[in-house]
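# Chain and residue survey
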Amino acid sequence: MALTKKLFVKTYGCQMNVYDSARMADVLAPLGYGPGETPEDADMVILNTCHIREKASEKVFSELGRLRQIKADKDGGLIIAVAGCVAQAEGEEILRRAPFVDIVLGPQTYHRLPEMVAQAARAGGAVLDTEFPIEPKFDFLPDARADGPAAFLSVQEGCDKFCTFCVVPYTRGGEYSRPAPAILAEARKLADQGVVEITLLGQNVNGWHGDGKSFGWLIRQVAKIDGIERIRFTTSHPRDMDDDLIAAHGEVSKLMPFLHLPVQAGSNRMLEAMNRRHDRDFYFGLVEKLRAARPDLALSSDFIVGFPGETDADFADTLDLVRQVGFVQTYSFKYSSRPGTPAAGMPHQVDEAVKEARLAELMDLLQDQTNRFNAHCLGLEMAVVLDRVGKHPGQMIGRSPYMQPVHVDNVAHLAGKLVNVRISEIHPRSLRGEVIHSERIRA
Ligand code: 5AD
Ligand code: SF4
């Protein structure tokens, strides 16, 4: 079908949302929607939203204010849909505050988008669909289309862990594992389209247990697919890091030596209050086992500072954990109180100024570790997937095994390839490399 209409999707938040946005575009293609560049030139706009912290969800309402004007300038000729986790959590509120929105849909119902578009046109009123349907949406989605050499593949969704600060178990629902045959079929189709790197996605990806099999097993199956040279996965929970998965890090050479394993905090008291279900020694033990299996493994984590009740001593434990483990890339956040979560009602909420100061101190330490790791990469040979066009003519940007962006000049002819480079310069947020073998190599 000719793509006669334009769809503009704006994505907030995690990689799960990036994947979902691509799938929404896939679902709407049969209706004639192709990619649009701006909301102004679009026939339909989707905001795929994030509810994880207050700042993220507030962005939605300011963006809607802008879209309202654009819709008015087009005499109403613009369909506005709000998807994702804010839609799931605050669907009614969105329709109340922004009655010009046509469609509100949660993360579990986007396979029904074509119906919703038709319904909105017929009814002339808003359509709200934030159900958790019995039928998993994956059964109704068209084949994923590759967009470059690196692809995301959703294998698991939702979360049963109920960390006391987190909205995910409420917005995304309980844990669901996609069946292995569907995942492997999607991986093969991506490989057929030239994809060399797959990132397996899930809110609790290592909790995947489709057909009674373990996540380590799934990784080994994906590794057997010809054409797939690199495998990553995100995001993991320490409790679900079983021995088989740890062993896979040593045995599956296609599995990248980089693991995002959020710990959130370093004090046992805070880990308990957060309901993380493990203490700091458990985390140290895991890191030790992982490094025994894969000595060049680099770790990344998320941290929250200023969780209710966090004292200077608790925070000192976080700094100490960071020093003991050593991380190469991290995301740190000030605790943000989320409606409906247990932590929102806890006593001893921490002062904003204290959170600010702790965040700055933690980020300094983490940045220091990142810088040291990057400096250590100077002169090393690394395999890089050239998946983005750089700013300068002929320049491409790729990802190292450790997720560092690597700029490489004069390689337009190698776009989309996995190439070996030598790291020649270190910059604060990226590296520069020079190609040493131009043929495709193994990771
Ligand atoms: N406040 C701050 N950070 C949060 N995260 C999740 N919920 C909150 C919250 N209420 C962070 C955690 C998680 C990451 C995706 O977002 O660190 O790992
Ligand atoms: Fe949220 Fe905790 Fe589940 Fe991660 S494990 S999605 S932080 S509840």
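From a predicted model like this one, the values you see are computed outputs, not experimental measurements. (Residues numbered from 1 in each chain as written. Chains lettered and ligands numbered in written order. Predicted model: local features only at pLDDT ≥ 70, side-chain atom pairs only at ≥ 80, totals over all residues. Heavy atoms only, no water.)

### What to know about a negative patch on the surface
Residues Glu37, Glu40, Asp41, Asp43, Asp73 and Asp75 make up a contiguous surface patch of negative charge. Assignment of secondary structure puts Glu37 in the loop between strand 2 (33-35) and strand 3 (44-49). (Patch = residues over 30% accessible without salt bridge, like charges linked within 9 Å, V, L, I, M, F, W, Y side chains within 5 Å. Areas by Shrake-Rupley, 256 points an atom, 1.4 Å probe, with all protein chains shown as cover. Salt bridge = Lys/Arg side-chain N within 4 Å of Asp/Glu carboxyl O. Lys, Arg positive; Asp, Glu negative; His and termini not counted. Charge placed at Lys NZ, Arg CZ, Asp CG, Glu CD. Helix = DSSP H or I, 4+ residues; strand = E, 2+ residues; numbered from the N terminus.)

### Topic: the pattern of salt bridges
What the rule picks out here adds up to 34 salt bridges. Close ionic contact of Arg145 with Asp26 constitutes a salt bridge, the shortest N to O distance being 2.9 Å. Placement of the pair is Arg145 in the loop between strand 6 (127-129) and strand 7 (150-154) and Asp26 in helix 1 (residues 15-28), with a sequence separation of 119 residues. What makes Asp26 buried here is its relative accessible area of 9%. Of the charged contacts, one joins Lys334 and Glu356 as a salt bridge, the two residues approaching to 2.9 Å between their closest N and O atoms. Of this pair, Lys334 sits in strand 14 (residues 329-334) while Glu356 is found in helix 12 (residues 352-376), placing the two residues 22 residues apart along the sequence. With relative accessibility at 22%, the residue Lys334 sits in the partly exposed group. Each of the salt bridges in this network shares a partner with another, and the network as a whole consists of Arg23, Asp26, Arg145, Arg178 and Glu186. (Buried < 20%, exposed > 50% of the residue type's maximum accessible area, 1.4 Å probe, protein only.)

### What to know about the domain arrangement of the chain
Along its sequence, the chain is organised into domain 1 (5-129), domain 2 (137-375) and domain 3 (381-439). On a C-alpha basis, the centres of domain 1 and domain 2 stand 28 Å from each other. Domain 1 puts 23 residues into the contact, and the matching count from domain 2 is 29 residues. In total, about 2300 Å² of surface goes out of reach between domain 1 and domain 2, with carbon and sulfur atoms giving 59% of it. Scanning the region where domain 1 abuts domain 2 turns up three salt bridges. One can count 13 residue pairs in polar contact (both at pLDDT 80 or more) joining domain 1 with domain 2. Looking at the side of domain 1 that touches domain 2, the elements with two or more residues in it are helix 1, helix 2 (54-73) and helix 3 (84-97). For the side of domain 1 that touches domain 2, the element with the most residues is helix 1, which contributes 10 residues. Considered class by class, the residues forming the side of domain 1 that touches domain 2 number 11 nonpolar, seven polar and five charged. (Domains from an automatic or database assignment. Contact = heavy atoms within 4.5 Å. Buried area = accessible area lost by both parts, 1.4 Å probe. Polar contact = N/O pair within 3.5 Å; in protein donor to acceptor, adjacent residues only side chain to side chain. Nonpolar A, V, L, I, M, F, W, Y, C, P; charged D, E, K, R; others polar.)

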